[in-house]
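# Structure assessment
One letter stands for each residue in the lines below.
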Amino acid sequence: MRKRVVVTGLGCISPLGHSPEETWQALLAGKSGVGPITHFDASQHKTRFAAEVKDFDAAERFGTREARRMDRVSQFALASALQALESSGLDLSAENRDRIGVLIGSGIGGISTLLEQVEVFHKRGPERVSPFLIPMMIADSSAGIIAIQLGLRGPNLAISTACATGSNAIGEAAEIIRRGSADVMLAGASEAAIVNVAMAGLNVMTAISTRNDNPQAASRPFDLQRDGFVMGEGAAVLVLESLEHALARQANILAEVSGYGTSDDAYHISAPAENGAGAALCMQLALQDAELQPEEIGYINAHGTSTPLNDKSETAAIKTVFGEWAYQLPVSSTKSMTGHLLGASGALEAMICIQVLTQGILPPTINYEYPDPDCDLDYVPNTPRPARPQYVMSNSFGFGGHNATLIFSRYEEA
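Thresholds applied
- Residues numbered from 1 in each chain as written.
- Predicted model: local features only at pLDDT ≥ 70, side-chain atom pairs only at ≥ 80, totals over all residues.
- Heavy atoms only, no water.
- Buried < 20%, exposed > 50% of the residue type's maximum accessible area, 1.4 Å probe, protein only.
- Helix = DSSP H or I, 4+ residues; strand = E, 2+ residues; numbered from the N terminus.
- Pairing = 2+ DSSP bridges.
- Contact = heavy atoms within 4.5 Å.
- Axes fitted to C-alpha atoms, helices over the stretch in contact; angles between N-to-C directions.

## Re the pairing of strand E13 (residues 391–398)
Buried residues dominate E13, accounting for seven of its eight residues. Sheet topology note: the E13/strand E14 (residues 402–409) ladder contains eight bridges and is antiparallel. Following the sheet pairing, Ser396 is matched in E14 by Ala404. What sits between E13 and E14 in their antiparallel hairpin is a turn of three residues, with Gly400 showing a positive phi close to 95°.

Spelled out as structure tokens, the structure:
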């Protein structure tokens, strides 16, 4: 019999705040985290705004020396992991460190460090490139750094499945616990890719919004006038435990990981499959894993990127899976406020789903003004809504056709 997996801790650094509580309150207030880009001079770009993390001082948190040896992506991850661990109330000891693991993903990794050192290489030559380039750049650095900082010797992995990364990281970490390979996993994802070249690349793909005259209204999932997603950055980490481990230490259980599904469109490197076929398969697999009927899901946190193709295909996929129930099922996209954190988006949205379960409120989809005939579901437009769902679903879909769906439930004793 598979072990039950529960969530006992949350941590995040997001464009809306430096903690789960700050982020949650901003979501309920319908606050946008989008503004002009400050990380670099964006004056020559078609898009000059993003959802940046504000006022994050890594040197103050970790000390100047340690901060300089971590890319921003790992700084976010470590800060989130430390928060999550503290909120879980888990005490680390020599006896339990072998049974606690880390699975932190990133869609892109330490791209800021890479670009900085490419410039050093061209200006000053190969001998002046930093010896920290490789360990700061590689996508598994965050997981390694967290393990080193906390002395965690259990399973340690990194996943990279583009914008499905965070959800895959949590789902696969839960599977590690279910099969008995660890008692506890710190699971999530981090991203810090608001850099010159990445923004240029997304612009030439026509993937991101160019609504420079009103950046806070640029992320408008499911709205007829959407014109692309808004780049975001940040991280989120969950503490996952086997139920028996959590009960043994009398932990505060926030939610249960009830279902996980993952699939691939096998269709196109950047466009979703027609009618959301791959996304529908993924949701169906998660429902099967949770042993639930579609009508038992009470809320979906959508991938909802604000791109014309994604929102249309995700809506079609939800209709395929849920049938008539789709029209009664609240669906919202918190990317309307946080922007799209790429690989970290699924981790942040998983955290938000858990807050829905514990707080009894659905976050809205802001900037929803003009209904799209192809997107005709209940998107919880513009204002939060009281609700007490038993089961909630979180969707994440990424370039390469990667799909991941998580189902969380309010914890109930067997």
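## Examining unusual backbone geometry
The backbone of Phe222 shows a phi angle near 70°, a positive value even though the residue is not glycine. For Phe222, the location among the structural elements is in the loop between helix H9 (196–204) and strand E7 (234–242). Exposure remark for Phe222: the relative accessible area of 1% places this residue in the buried category. The phi torsion at Ala266 lies on the positive side, around 50°, for a residue other than glycine. Counting through the fold element by element, Ala266 comes out in the loop between strand E8 (255–264) and helix H11 (277–290).

## Details of the sheet that holds strand E5 (residues 156–157)
An order of E5-E4-E6-E7-E1-E8-E14-E13-E9-E10 is seen for the 10 strands of this open sheet, with the pairing classed as mixed. Pairing within the sheet leaves two strands with one partner each, and these edge strands are E5 and strand E10 (331–332). The sheet contact formed by strand E9 (residues 297–301) and E10 spans two bridges and is parallel. Each bridged residue has a counterpart across the sheet, and for Ile300 the counterpart in E10 is Val331. Sheet contacts for helix H12 (residues 308–322): E9, E10 and E13; angle to E13, the most-contacted strand, approximately 135°. Its contacts with the sheet put helix H14 (residues 345–359) on strand E1 (5–13), strand E6 (184–191), E7, E8, E9, E13 and E14, and the angle it makes with E13 is roughly 170°.

Nothing here speaks to function; it is geometry throughout.
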